Amino acid sequence: TAGTEPGLTAREVRAAHGAHEMILLRLDSPPLAGELAARFGLSVRRLELAFREVFGMSLHAAAVQARFDAAADALRDGIPVKTVAHSLGYANVSNFTYAFRRRFGMPPGRFGKG
């Protein structure tokens, strides 16, 4: 809870930013919290705390948001749904379509079309 944790160190803030960059670089298979924590030499708890403090969301939420942001941008650019789904690590286009519809309230094939 807020107020019970000591302030973040500069190292923890750098780790949060580094974790965010790694998430953005691996949209097809976002790294798990344990992998990120090990990479930056922190416990999962401290990395999650730092990430939430810096970015206002969990590592998982950031990965989900980054994937959907990338999907929306690609679809606006006219990239086919199947290509977008596969580039984001979805083996099945219908799974991507279901997740996209839940997030945006419309199927990806209609997204970004006037």
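To keep things clear, this report deals only with the structure shown in the data block. Here the residue index of a chain counts from 1 through its sequence in written order. Selection of residues for local features in this predicted model requires a pLDDT of at least 70, selection of side-chain atom pairs for listing and counting requires 80 or more, and totals for whole chains, interfaces and linings are taken over all residues. The side-chain numbers reported here are obtained from all heavy atoms of the structure, hydrogens and water having been left aside.

Numbered from the N terminus, helices here are DSSP runs of H or I no shorter than four residues, and strands are runs of E no shorter than two. When helices and strands are counted, the chain shows 6 helices and 0 strands. Secondary structure elements of the chain occur, N-terminal to C-terminal, as α-α-α-α-α-α. Summary of the burial criterion: residues with accessible area below 20% of their type's maximum are buried, those above 50% are exposed, and those between are partly exposed, where the area comes from a 1.4 Å probe applied to protein chains only. Expressed as a percentage of its 114 residues, the buried residues of the chain come to 34%. In this analysis, two residues are considered to be in contact whenever any of their non-hydrogen atoms come within 4.5 Å of each other. Within the chain, contacts between residues separated by at least 24 positions form 54% of all contacts whose residues are at least 6 apart in sequence. For accessible areas, the Shrake-Rupley method is used with a probe of radius 1.4 Å. Any residue's cover is judged against the shown protein chains and nothing else. Summing over all exposed atoms, the chain offers an accessible surface of approximately 6900 Å²; the carbon and sulfur share of this is 54%. Charge assignment: positive for Lys and Arg, negative for Asp and Glu; neither His nor the chain ends contribute. Each charge is placed at NZ for Lys, CZ for Arg, CG for Asp and CD for Glu. Between the averaged position of the 15 positive side-chain charges in the chain and that of its 10 negative side-chain charges there is a distance of 7 Å.

Among the secondary structure elements, Ala72 is positioned in helix H4 (residues 59–76). Measuring from C-alpha to C-alpha, the distance between Ala72 and Phe111 comes to 7.4 Å, with 39 residues separating the pair along the chain. Once residues within four sequence positions are removed from consideration, Ala72 is found in contact with Phe100, Phe104 and Phe111.

What follows is about helix H2 (residues 33–40). The α-helix advances 3.6 residues per turn, and as a result positions three or four apart in sequence lie on the same side. Within H2, the full set of buried residues consists of Leu36, Ala37 and Phe40. Angular distribution of buried residues about the axis of H2 spans 100 degrees; they occupy a single face of the element. Along H2, the residues that are exposed and aim more than 90 degrees away from the buried face are Ala38 and Arg39. Looking at the residues trailing H2, positive phi occurs at Gly41, about 70 degrees. What the arc describes is the spread of directions from the helix axis to the C-beta atoms.

Now for the nonpolar core. The nonpolar side chains of a soluble globular protein tend to be buried, and buried together. Core analysis: the biggest nonpolar cluster contains 31 residues, and Ile23, Leu36, Leu47, Phe51 and Phe96 have the highest contact counts within it. At the level of elements, helix H1 (10–25), H2, helix H3 (44–55), H4, helix H5 (81–87) and helix H6 (93–104) are the ones that each hand at least two residues to this core. Per-element accounting of this core gives the leading share, 9 residues, to H4. Side-chain atoms within 4.5 Å are what join buried Ala, Val, Leu, Ile, Met, Phe, Trp, Tyr and Cys residues into a set we call a nonpolar core.

Purely geometric numbers; function is a separate question.
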